[in-house]
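Tertiary structure, described
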Amino acid sequence: MAFPLGFFGEQGGESIHHEFVQLASTYCKVKPDTTHLKQMLQEHYLIVHPKNRQAIPVKPTRNLKRNQESSETSTNVQIVLLKWRELKNAIADASYIDLLHLSSVHSPFSIKPGTQRVEECLRTVVTKVYGQGKGLRGTSRVIFLNKEKSVQVYHHELEHGNSVIKNRLEKCEEEKKDLKGEIQELEIRCGELLQELESAEYRMQDLENESEKAVQENKQLSEYLDFLEDVMICTNCSEKLKNHGRPIHEVSKRQGNRKIKEVKTNAAKALWFLESFGLTLDSVKVTDKDGKITDLDYGTDDRCSKASFHNLSQEGQDTVSSLLYIMDNFCVGDAAYHEVSMIVDDAPRSYLIKQCRSDLNKIFHISKTQENTQEPK
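These remarks concern the structure in this document.

1. A word on the overall build of the protein
- Helix and strand counts for the protein come out as 14 helices and two strands.
- Counting contacts in the protein only where the partners sit at least 6 residues apart, residues at least 24 apart contribute 56% of the total.
- Surface exposure of the protein reaches about 29000 Å², of which carbon and sulfur atoms provide 55%.

2. With respect to the packing of aromatic side chains
- Under the criterion given, the structure shown has zero aromatic pairs.
- The ring centre of Tyr130 lies 3.6 Å from the NZ or CZ of Arg85, which sits over that ring.
- A cation sits over an aromatic face here: Lys88 above Tyr96, 5.7 Å from the ring centre.

3. Things to note about the packing of helix 5 (residues 77-90) against helix 7 (residues 116-133)
- Put simply, helix 5 and helix 7 touch, their axes get as near as 9 Å, and they point 105° apart. The orientation of helix 5 relative to helix 7 falls into the category roughly perpendicular. Contacts from Gln78, Leu81, Leu82, Trp84 and Arg85 of helix 5 reach helix 7 at Leu122, Val125, Val126, Val129 and Tyr130.

4. A word on the nonpolar core
- Leu81, Trp84, Tyr96, Leu122 and Val129 are the most contacted members of the largest nonpolar core, which has 16 residues in total.
- For this core, the element with the most residues is helix 7, which contributes five residues.
- Those residues in contact with Leu122 that lie beyond four places of it in its chain are Trp84, Tyr96, Ile97, Leu100 and Val151.
- If you look at the next biggest cluster of nonpolar residues, it comprises nine residues, including Met327, Tyr337, Leu352 and Ile353.

5. Observations concerning a negative patch on the surface
- Side chains of Glu170, Glu173, Glu174, Glu175, Asp178, Glu182 and Glu185 sit close together on the surface and give a patch of like negative charge.
- As for its placement among the helices and strands, Glu182 is situated in helix 9 (residues 163-236).
- Under the relative-accessibility criterion, Glu182 is labelled partly exposed at 44%.

6. Some thoughts on a nonpolar patch on the surface
- Judged by side-chain polarity, Leu271, Trp272, Phe273, Phe277 and Leu279 come together as a nonpolar surface patch covering roughly 470 Å² of accessible area.
- Residue placement: Phe273 occurs in the loop between helix 10 (253-270) and strand 1 (283-287).

7. Focus on the packing of helix 13 (residues 334-343) against helix 14 (residues 350-361)
- In the contact formed by helix 13 and helix 14, the axes pass within 9 Å of each other and the chain directions differ by 140°. For the element pair helix 13 / helix 14, the angle class is oblique. Here helix 13 contributes Asp334, Tyr337 and His338 to the contact with helix 14, which in turn contributes Ser350, Ile353, Lys354 and Arg357.
- Residue composition of the contact of helix 13 with helix 14, by class: two nonpolar, two polar and three charged.

8. What to know about the pairing of strand 1
- Of the strand pairs in this sheet, strand 1 and strand 2 (residues 293-297) are connected by five bridges, and their pairing is antiparallel. Residue pairing for strand 2: Ser283 is matched across the bridge by Asp297.
- Linkage of strand 1 to strand 2, two consecutive antiparallel strands, is achieved through a turn of five residues, within which Gly291 is found at a positive phi near 90°.

9. So, helix 7
- Taking 1.5 Å per residue as the helical rise, helix 7 with its 18 residues ought to reach 26 Å, and the 26 Å between its terminal C-alpha atoms agrees with that figure.
- Restricting attention to buried positions, one finds in helix 7 the residues Val118, Glu119, Leu122, Val125, Val126, Val129 and Gly133. Along helix 7, the residues classed as buried sweep out an arc of 130° about the axis, all on the same side. Those residues of helix 7 that are exposed and aimed more than 90 degrees away from the buried face are Gln116 and Lys128.
- The inward-facing, buried residues of helix 7 abut helix 5, helix 6 (96-103) and helix 8 (138-145).
- Remark: Gly135 follows helix 7 within two positions and exhibits a positive phi of approximately 90°.

10. Notes on the pattern of salt bridges
- For the structure shown, the criterion picks out three salt bridges.
- Between Glu192 and Arg189 there is a salt bridge, with its nearest N and O atoms 3.4 Å apart. Taken as a pair, Glu192 and Arg189 lie in helix 9 at a separation of three residues, close to a single helical turn.
- Linking Arg357 and Asp334 is a salt bridge whose minimum nitrogen-to-oxygen distance equals 2.9 Å. Of this pair, Arg357 sits in helix 14 while Asp334 sits in helix 13, and the two are 23 residues apart along the sequence.

11. Section: helix 6
- Listed in full, the buried residues belonging to helix 6 are Tyr96, Ile97, Leu99 and Leu100. Mapping the buried residues of helix 6 onto a view down its axis gives an arc of 160°, with all of them on the same face.

12. Side note on the environment of His156
- Here His156 lies in the loop between helix 8 and helix 9.
- On the accessibility criterion, His156 (54% relative accessible area) is exposed.
- Note: C-alpha distance between His156 and Lys112 (44 residues apart in sequence) is 8.8 Å.

13. Topic: the environment of Arg117
- Considering the arrangement of structural elements, one finds Arg117 in helix 7.
- Residue classification places Arg117 among the partly exposed residues on the basis of a relative accessible area of 30%.
- For the pair Arg117 and Gln152, spaced 35 residues apart in sequence, the C-alpha separation works out to 9.8 Å.
- Each residue touching Arg117, except ones within four places of it in the same chain, is listed here: Gln152, Val153, Tyr154 and Glu157.

Quick notes on the rules
- Residues numbered from 1 in each chain as written.
- Predicted model: local features only at pLDDT ≥ 70, side-chain atom pairs only at ≥ 80, totals over all residues.
- Heavy atoms only, no water.
- Helix = DSSP H or I, 4+ residues; strand = E, 2+ residues; numbered from the N terminus.
- Contact = heavy atoms within 4.5 Å.
- Areas by Shrake-Rupley, 256 points an atom, 1.4 Å probe, with all protein chains shown as cover.
- Phe/Tyr/Trp six-rings, centres within 6.5 Å; stacked < 30°, edge-to-face > 60°.
- Lys NZ or Arg CZ within 6 Å of the ring centre and 35° of its normal.
- Axes fitted to C-alpha atoms, helices over the stretch in contact; angles between N-to-C directions.
- Parallel < 35°, antiparallel > 145°, perpendicular 65-115°, else oblique.
- Core = buried A, V, L, I, M, F, W, Y, C linked by side-chain atoms within 4.5 Å.
- Buried < 20%, exposed > 50% of the residue type's maximum accessible area, 1.4 Å probe, protein only.
- Patch = residues over 30% accessible without salt bridge, like charges linked within 9 Å, V, L, I, M, F, W, Y side chains within 5 Å.
- Salt bridge = Lys/Arg side-chain N within 4 Å of Asp/Glu carboxyl O.
- Lys, Arg positive; Asp, Glu negative; His and termini not counted.
- Charge placed at Lys NZ, Arg CZ, Asp CG, Glu CD.
- Nonpolar A, V, L, I, M, F, W, Y, C, P; charged D, E, K, R; others polar.
- Pairing = 2+ DSSP bridges.
- Expected span 1.5 Å × (residues − 1).
- Arc of directions from axis to C-beta.

Take a look at the structure:
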């Protein structure tokens, strides 16, 4: 429905009827009737809303390009002024200054309400536009509506000395000040972050140096541990210390004594770490499966602990002397007797026989005879 019909009711309908009668007389010679009716509707369509010219092709003319450029770049101020007149007629209390404020919400200025000169200028412009556009149709009306109008406004007629611009300027200044503060804070923060980054780089360099040093030390310690395992642990705790024969309680007394000595030696090797604690191995007490307790004494030297011929009892010395007499009479050597002493558990040791012979030899002085001495005939 056309715009006047919405505001004037019955009068709007009559105006539309009058307009269609004029269009019918204008296009009365257009044939056929369908084309005649189409031309009337298109013209009415453009009169109601001139921007529809963009949707309806325009008849090619010499001024087509100029009309299109004017239609595209124009703001249709004339239409706004005509609407103001219609609203003014509908609402008597409304002023043209109020209508200007409503039509230019985003304008950077505002006019003081009640300014009579500006109100009169706007009324005059609206009246002229209405009078000049009355009766125009088609392209002429489109060109007329695309024309611009200007009204002169003085500085003192602006509201509060152009308060809108001042408010925007103050707001921009506040935003500028806030942005400067944020920029300063960001610069300070950037400086702090830069210092932290530099300190972190120095710290990282120190950590890398410490890491390299620690790796080198760990390598040396690893080599030293390998050395200890090879020299100490593997030597003192190897399979060589394990008994590969029968247990002590299953062997003879002589072999048991040998195994006791072997256990004593291996125990001293296995307890090598006592010296690192400042301790000295003195004795070890062990018990076999038969419940027999054996005390391994490390306090005396093994060489001094050997039984001497002079330390034997009289019965023991007599036994050794008797064995030496038998060996001399039957020409039994020390090696042969040693093998016998290894088999017989209660037989005296061969070194006791040697000590007894040495003591007997000390009683007599034996000298070597001359080589040239002739035997008596």
